[in-house]
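Coordinates in review
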Amino acid sequence: MNCKISQCVYRQKNALISTLLPLFIILICCGTMLFGCADSSDKKIKIGLSMDSLRVERWQKDRDIFVAEAKKLGAEVIVQSADGDPVKQNEQAENMITQGVDVLVVIPKDSIASSQIVKAAHEEGIKVIAYDRLISESEPDLYISFDNKQVGYLQAEYLLRKKPKGNYFLLGGDPGDNNAHLLREGQLRALQPAIDNGDIQLVAEGKHWAVGWDPLDALNKAEQVLTKTNNQIDAVVASNDGTAGGVVQALEGQNLAGSVLVSGQDADIEACQRIVKGTQTMTVYKPIRLIATEAAQAAVALAKGETLEKANQTVNNGKIDVPSIILTPIQVDKDNLDEVVIKDGFHSREDVYKTE
Ligand code: BGC
């Protein structure tokens, strides 16, 4: 070889590299195939679950079932509850975005304020699911809920069947919750013919809403209406079980519990017990296992960039037609409590029929 030492060393080095490099690449490839590492699709999916609050009993079930299902599917979940504060909810969601979640599932405290969450997430390419409550003024990727207009319809339709004439008080849910308005729409759909022919009178013009779905606010408002009407109330269309509890307490104060009809929603354990006791007339059962499981599956699918086969309808949120999964609610009274709520494993028979 006719070269200087430095040139020779350089050439030998080059020859060594060109022989070893392919070997090195083959080794890495084999290692990857054998141990399945270094593939970004194997990264654990991270889901952010942003909740309005955990105060109403059902939300704890929603959280537990959602987290369990997501884990079963190999995802991890960060859960944050905003304690009913929309500003806090937006901050918590921002924080989860910073933590690098792949998808955000939001139970909004306020349907308008939470549109900021959708916008911020989308800027980072993160998909958003509106869970149980619709988010407006933005473009959520999925809305999953029960048919809330139907929930309202089932509440009022039941009471009307039991009491076709009389004074009705409509107590709405939180005015910032889109569901509260859907419920009212359904309630009026059931009552309107009877209002029009004069069989039903709405007291307090049906304008009361329980702020934050707070049972205490419901109690105060029911007391005000009882005072104003001199106890001339035949039925209270309460929009959920928590507020129904407040109403029943107000009725108890006037010895009217059991003689005034009261509706509800959620099949909370205390509501089921009141139904057995006769102080609450009915509730609407929504299988939480179903919505929480479906939502977790949808979150994982969205994170993987898959299409959502089950989102086969849309709901307009004022801005777009949001792909939606809408589940069916069930009317429950003392006659089908066992068949629906207990049989579904929502509560035990022992708890429902517990007498203090
Ligand atoms: C839900 C109800 C719940 C209420 C209060 C509504 O949006 O649909 O199930 O009782 O919020 O948390």
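Given the structure is predicted, the values throughout are model-derived calculations rather than measurements. (Residues numbered from 1 in each chain as written. Predicted model: local features only at pLDDT ≥ 70, side-chain atom pairs only at ≥ 80, totals over all residues. Heavy atoms only, no water.)

Right, let's get into the overall build of the protein chain. Each helix and strand counted, the protein chain has 12 helices and 14 strands in total. When contacts within the protein chain are restricted to residue pairs at least 6 apart in sequence, long-range pairs at least 24 apart make up 71% of them. For the protein chain, the exposed surface amounts to about 17500 Å²; the carbon and sulfur share of it is 52%. (Helix = DSSP H or I, 4+ residues; strand = E, 2+ residues; numbered from the N terminus. Contact = heavy atoms within 4.5 Å. Areas by Shrake-Rupley, 256 points an atom, 1.4 Å probe, with all protein chains shown as cover.)

With 46 residues, the main nonpolar core has I47, F66, V105, I129, Y131 and V341 as its most contacted residues. It is helix α10 (residues 288–303) that provides the largest number of residues to this core, a total of 10 residues. Beyond its immediate stretch of four places on either side in the chain, F66 contacts I47, L49, V77, V105, Y131, A292, A295, A296 and A299. (Core = buried A, V, L, I, M, F, W, Y, C linked by side-chain atoms within 4.5 Å. Buried < 20%, exposed > 50% of the residue type's maximum accessible area, 1.4 Å probe, protein only.)

With the rule as written, the count across this model stands at 1 cavity of 30 Å³ or more. The space that makes up the largest cavity amounts to roughly 40 Å³. Forming the walls of the largest cavity are F169, A222, V225, L226, I233, V236, V247 and L251. Counting residues per element, the ones that place at least two in the lining of the largest cavity are α7 (215–228) and α8 (241–253). The dominant element in the lining of the largest cavity, judged by the number of residues it contributes, is α7, at 3 residues. Residue classes in the lining of the largest cavity are distributed as 8 nonpolar, no polar and no charged. (1 Å grid on protein atoms, 1.4 Å probe; cavity = no way out; pocket = protein on both sides within 12 Å on 5 of 7 lines; lining within 4 Å. Points joined across faces, edges and corners; volume = space filled by probe spheres on them. Nonpolar A, V, L, I, M, F, W, Y, C, P; charged D, E, K, R; others polar.)

Turning next to helix α3 (residues 86–98). Along its 13 residues, α3 runs 19 Å from first to last C-alpha, staying within 8% of the 18 Å computed at 1.5 Å per residue. Restricting attention to buried positions, one finds in α3 the residues Q89, N90, Q92, A93, M96 and I97. Buried residues of α3, seen end-on, are gathered within an arc of 165° and therefore sit on one face of the element. Opposite the buried face of α3, at more than 90 degrees from it, the exposed residues are V87, E91 and T98. Among the residues of α3, the N-terminal cap falls to D85, whose side-chain oxygen and the backbone nitrogen of V87 are separated by 2.9 Å. G100 sits one or two positions beyond α3 and adopts a positive phi of about 85°. (Expected span 1.5 Å × (residues − 1). Arc of directions from axis to C-beta. Polar contact = N/O pair within 3.5 Å; in protein donor to acceptor, adjacent residues only side chain to side chain.)

Moving on to the packing of α8 against helix α9 (residues 269–277). Packed helix pairs are specified by the crossing angle of their axes together with the interaxial distance, meaning the distance between the axes. Where α8 meets α9, the closest approach of the two axes is 10 Å, and the angle between their N-to-C directions is 45°. Relative to α9, the element α8 lies oblique. In this structure, the crossing between α8 and α9 has a hand that is left-handed. Where α8 abuts α9, its residues D241, A244, G245, V248 and E252 lie against A271, R274 and K277. (Axes fitted to C-alpha atoms, helices over the stretch in contact; angles between N-to-C directions. Parallel < 35°, antiparallel > 145°, perpendicular 65-115°, else oblique. Left-handed = near helix turned anticlockwise from the far one by under 90°.)

Let us now look at α10. The terminal C-alpha atoms of α10, which comprises 16 residues, lie 22 Å apart, in line with the 22 Å expected from a rise of 1.5 Å per residue. Counting buried positions over the 16 residues of α10 gives 12, a clear majority of the element. Of the residues making up α10, those classed as buried are I288, I291, A292, T293, E294, A295, A296, A298, A299, V300, A301 and L302. Once α10 ends, the next one or two residues include G305, with phi positive near 75°.

Sheet architecture is open: 7 strands sit in the order β2-β1-β3-β4-β5-β13-β12, paired in mixed fashion. Two strands bound the open sheet, and with one partner strand each, they are β2 (76–81) and β12 (313–316). Between one strand axis and the next, the sheet turns through 25° on average, direction left out of account. Note: β12 against strand β13 (residues 321–327), 4 bridges, orientation antiparallel. Directly across from T314, in β13, lies its bridge partner P323. (Pairing = 2+ DSSP bridges.)

Right, let's get into the confidence of the model for the protein chain. Scored by pLDDT, the protein chain has a mean of 91; 87% of the residues are at 70 or more. Below a pLDDT of 50 lies the segment residues 1–6, which in the model reaches 3 contacts outside its immediate sequence neighbourhood of four places, other chains included. This model gives residues 25–40 a pLDDT under 50, and the stretch forms 3 contacts once residues within four places in sequence are excluded. (pLDDT = per-residue confidence, 0-100.)

Here the focus is the environment of D217. Considering the arrangement of structural elements, one finds D217 in helix α7. In contact with D217, not counting residues within four places along its chain, are W209, A210 and V211.

It is worth spelling out the packing of aromatic side chains at this point. In total, this model carries 2 aromatic pairs according to the counting rule given. Between the aromatic rings of F66 and Y131, the centroid separation amounts to 6.5 Å while the plane-to-plane angle is 80°, which identifies the pairing as edge-to-face. One end of the pair, F66, is in helix α2 (residues 57–72); the other, Y131, is in strand β4 (residues 127–131), and 65 residues separate them in sequence. Grouping residues by exposure puts F66 and Y131 together as buried. Taking 5.0 Å as the distance between ring centres and 75° as the angle between the ring planes, the aromatic pair formed by Y285 and F346 counts as edge-to-face. Taken as a pair, Y285 in strand β11 (residues 283–285) and F346 in the loop between α11 (337–342) and α12 (349–352) lie far apart in primary sequence, 61 residues in all. (Phe/Tyr/Trp six-rings, centres within 6.5 Å; stacked < 30°, edge-to-face > 60°.)

Okay, unusual backbone geometry next. The phi dihedral of N230 is positive, around 55°, even though this residue is not glycine. Inspection of the secondary structure assignment puts N230 in the loop between α7 and β9 (235–238). In the Ramachandran plot, N231 falls in the positive-phi region, its phi being about 65° despite a non-glycine side chain. Within the element layout of this structure, N231 appears in the loop between α7 and β9.

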